[in-house]
Amino acid sequence: MHPWHEVGDGVFVRRYPFLDQTIGAVVGLERVLVIDTRATRLQARELIRDLRQLTQLPWVAANTHAHFDHAGGVDDDWKNVYLHKDDFFDGPYFKIPARAKEINFKTIQWGKFEFEILHTPGHTLGSICLFEREKGVLISGDTLFADGIGRTDLGGDEKLMVKSLFRLRKLGWRVLCPGHGETCENRC
Ligand SMILES: [Zn+2]
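Just so we're clear, the structure is a prediction, and the values are computed from it rather than from any experiment.

Conventions used here
- Residues numbered from 1 in each chain as written.
- Predicted model: local features only at pLDDT ≥ 70, side-chain atom pairs only at ≥ 80, totals over all residues.
- Pairing = 2+ DSSP bridges.
- Helix = DSSP H or I, 4+ residues; strand = E, 2+ residues; numbered from the N terminus.
- Axes fitted to C-alpha atoms, helices over the stretch in contact; angles between N-to-C directions.
- Buried ≥ 20, exposed ≤ 12 C-beta atoms within 10 Å, placed from the backbone.
- Arc of directions from axis to C-beta.
- Contact = placed C-beta atoms within 7 Å.

**Q** Whenever I open this one, the pairing of strand β2 (residues 11–16) confuses me. Can you help?
**A** Where a strand is regular, its side chains alternate between the two sheet faces. Direction of pairing for strand β1 (residues 5–8) relative to β2: antiparallel, over a ladder of three bridges. Each residue of the ladder has a partner; that of His-5, found in β2, is Val-13. Counting the residues between successive antiparallel strands, the hairpin from β1 to β2 contains two residues, one of them, Gly-10, with a positive phi of roughly 90°. Judged from the six bridges that link them, β2 and strand β3 (residues 21–27) form a sheet pairing that is antiparallel. Its bridge partner being in β3, Phe-12 is matched across the sheet by Ala-25.

Printed below as a string of C-alpha cells:
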C-alpha cells in the first residue's frame, strides 16, 4: 500500500513530517492537480516522485497561499504553478515561485471533478480554498484545520479570516483536507 490516503473518489492526501504538512492530489483524466508544493526544492522533488505512486500523469500545482512551506519548493523552471493574485507581494514568510501564474479562474474542471476556487483571505490576503460541491470535499490550506483555524499574525487579517470562516461554514463540506495535520471526514 502506498502512503497516499484516498479521501474521495480520486482525491488523495499524503502527510509529511516536516511541519506536519498534508499535501493534496486530485487525479483527473489527463493531469494530476497538486495542492501545495512543500518548502524546499528537495521536498518538492520528493513530492513529485511520490506522485508517481499514484499516477504517471503530468502535474499542475495550485498553491493555497504564498507562505514558504506551501510554495517554497517550486523550482524556477516549473511553469504550471498557480497562486492567487493577492499573494503576489513580498509578504512575511512568503516565497513566490519565479514563474507562478495568477489564478484567474473561478473553477477548475478536473476529470469528473469541478473544484470551485474560493478566495478566503485571512491567513494571507491571497489564501484560497478549493471546494468540490458534489462530493463535499474542501481543501482548505491554512485557513481551516481539523482542530482549529490558521494564524492571522503571519501577514494575515483577523476580520477577513472571520468572514472567510463563515463562508466556509455555509458550504456544508463532508471531507476537510487542510494544509497541515489530520483530515476530517464524514462531517455533514
Ligand atoms: Zn501558511
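**Q** Explanation requested: the sheet that holds β3 in the structure shown.
**A** Neighbouring strands of a sheet are bound in pairs by backbone hydrogen bonds; such pairs are parallel or else antiparallel. The seven strands lie next to each other as β1-β2-β3-β4-β5-β6-β7, forming an open sheet whose pairing is mixed. The sheet terminates laterally at β1 and β7 (101–102), the two strands that pair on one side only.

**Q** Is there a simple way to think about the sheet that holds strand β11 (residues 137–141) in this case?
**A** The strand order across the open sheet formed by five strands is β8-β9-β10-β11-β14, and the pairing between neighbours is mixed. Looking at the sheet topology across the chains shown, the edges are occupied by β8 (107–110) and β14 (175–178). When strand polarity is set aside, the average angle formed by the axes of neighbouring strands in this sheet is 20°. Across four bridges, β8 lies against strand β9 (residues 113–119) in antiparallel orientation. Following the sheet pairing, Trp-110 is matched in β9 by Phe-113.

**Q** Looking at this structure, I do not really get helix α1 (residues 41–51). What am I missing?
**A** Every α-helix winds through 3.6 residues per turn, so residues three or four apart in the chain are directed the same way. Among the residues making up α1, those that are buried are Ala-44, Leu-47 and Leu-51. Projected onto a plane normal to the axis of α1, the buried residues spread over an arc of 55° and lie on a single side. Residues of α1 that are exposed and point more than 90 degrees away from the buried face comprise Leu-42 and Arg-49. Where α1 is buried, its residues contact β3, β4 (32–35) and β5 (59–62).

**Q** Looking at this structure, I do not really get the environment of Trp-4. What am I missing?
**A** Within the fold, Trp-4 resides in the segment before β1. Put simply, Trp-4 and Arg-14 are ten residues apart on the chain and 4.8 Å apart in space, counted from C-alpha to C-alpha. Those residues within four positions of Trp-4 in sequence are excluded, and the remaining contacts are Phe-12, Arg-14, Gln-53 and Leu-54.

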